[in-house]
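Below are the chains, spelled out letter by letter.
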Amino acid sequence: MLHRHPSLWSYILEWDALAAKGKKWTWLNDREVVLLDPELILDVLNDRTGRYEDQSAFFRTSSRAPLCPRLRRQMSGSLMRVLSANKLCPSRTVPALVGSAHRVPGLGVRLVSMMFTEELGLNLNGAGEIVDEYLRKIIVEHDLLGTRLVRVNRLFTGLVSRLADWLKFEYQAQDPPRNIFDVALSGLPELDHTEAAELALRLALSVTGFTGVALEWALVHGSEDVEHKNALSRFGAHNVLRESQRLLPTAWRLVRRASTDHSYGDLRIPAGTTVILSTATGQRNESEWSNGSSLCPSRWNESAPANFYIPFGQGANSCPAKILAPRIISETVLAISKKATVSFASRQPRKPTVGSLLGLPRGRITFHVRATRAER
Ligand code: HEM
């Protein structure tokens, strides 16, 4: 088991070092193996022979994991429609931030939740407070800052049960769906209200946690990228994001469970083994990327390089927002860079906070309003 105290960053460094020595996998104990080699990782993700259990990062509940493929497809599609229904307007959210310092990790979750207030139900009496508590206490304080490392389970169960009551007794679902509750409730009667409530909170995590963290890294990397400083073009913002997700991917490892005994060459994987796919290692590996450990957004200037790069996963369980999320992030980086320059001050020690997501080191992001032409 990976132990998180206070951050899993040391695992990433250790796995990178092993890969640099040519190691393709490493056992953590007799039930858990970490794959470091890109080819092996892709083999597992693209497996069609049933060697791995079907699973889902978000479409699962405590009582049933995961939902059936039909429900997952239906909910994925309707979640994407909900999130794309309104025109994205980061430039409306950004002015509220400019001119002050903001705590990270956490700012990204706040920004994304401001952009998707209605879709996340934050504007609804009863549910809004529950989602807000989930974002603040579980995603930001527990998952990202690690200040509530223990005992979030009881808090999560409490929020799920309050939300289940609200969904059952107070909420009238809309068709077509307009928020995460409508998406989750579209699984009735196959799911019950408790399951729908749990799903809705997991969807809130997918929208704000993943996107928020990726956004924070892109802002910081954009501010470090000398080529584009103060003049990030749409193209530049996109390249910064792509490079940022190569070097320090938010989803830094994926996990699968073997359902049958099988082998890859000398590597024997018994059924029941947890297989951790260290995608971050492959994305920085010098054999895949020249100068792989440096930030270099201009490597994306030409058509996308065909090297190992899977920040949104690959195969049947990959991220349904792989087109939408980069758009949200690039547009926000662009909107901010039009008004301000960004600086980042990390607290010592300068290590990312790594849990299920790879967050920035604790610190502050400051937006310095740029002088207007008249002021210059
Ligand atoms: C609007 C934002 C996002 C939404 C709504 C979203 C939603 C989801 C959902 C529903 C899944 C599970 C798919 C399934 O089981 O069928 C998923 C998987 C995944 N998402 Fe996202 N996501 C978002 C943003 C991101 C971002 C920004 C990243 C990374 C930078 C990311 C990385 C992934 C990865 C790697 C997986 C696959 C996990 C695996 O194979 O085990 N997602 N996402």
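This one's a predicted model, so the numbers in the text were calculated from it and none came from an experiment. (Residues numbered from 1 in each chain as written. Predicted model: local features only at pLDDT ≥ 70, side-chain atom pairs only at ≥ 80, totals over all residues.)

Asker: Give me the lowdown on the site of the ligand, citing residues and values where you can.
Answerer: Around the ligand, the structure places 27 residues, and the nearest of them are Ser56, Ala251, Gly313, Cys319 and Ala321. Residue assignment for the shell around the ligand shows that the elements contributing at least two residues are helix 3 (69–84), helix 9 (193–224) and helix 12 (324–339). With five residues, helix 9 is the largest single contributor of residues to the shell around the ligand. Per-class residue counts for the shell around the ligand are 17 nonpolar, nine polar and one charged. (Near = placed C-beta within 6 Å. Helix = DSSP H or I, 4+ residues; strand = E, 2+ residues; numbered from the N terminus. Nonpolar A, V, L, I, M, F, W, Y, C, P; charged D, E, K, R; others polar.)

Asker: Got a sec to walk through the packing of helix 9 against helix 10 (residues 234–247)? Specific residues and values, please.
Answerer: Two elements in contact, helix 9 and helix 10, have axes whose closest approach is 9 Å; the angle formed by their N-to-C orientations is 110°. Taken together, helix 9 and helix 10 sit at an angle that is classed as roughly perpendicular. Relative to helix 10, helix 9 is oriented so that their crossing is right-handed. Residues Ala214, Trp217, Ala218, His221 and Gly222 of helix 9 touch helix 10, and the partners they reach there are Ala237, Val240, Leu241, Glu243, Ser244 and Gln245. (Axes fitted to C-alpha atoms, helices over the stretch in contact; angles between N-to-C directions. Parallel < 35°, antiparallel > 145°, perpendicular 65-115°, else oblique. Left-handed = near helix turned anticlockwise from the far one by under 90°. Contact = placed C-beta atoms within 7 Å.)

Asker: Give a description of the sheet that holds strand 3 (residues 101–104) that names residues and reports values.
Answerer: Pairing in this open sheet of three strands is antiparallel, and the strands run 3-11-8 from one edge to the other. The two strands at the open ends of the sheet, each matched to only one other strand, are strand 3 and strand 8 (340–346). The sheet shows a mean angle of 25° between the axes of neighbouring strands, taken without regard to direction. Bridging between strand 3 and strand 11 (residues 363–369) involves four bridges; their strand directions are antiparallel. (Pairing = 2+ DSSP bridges.)

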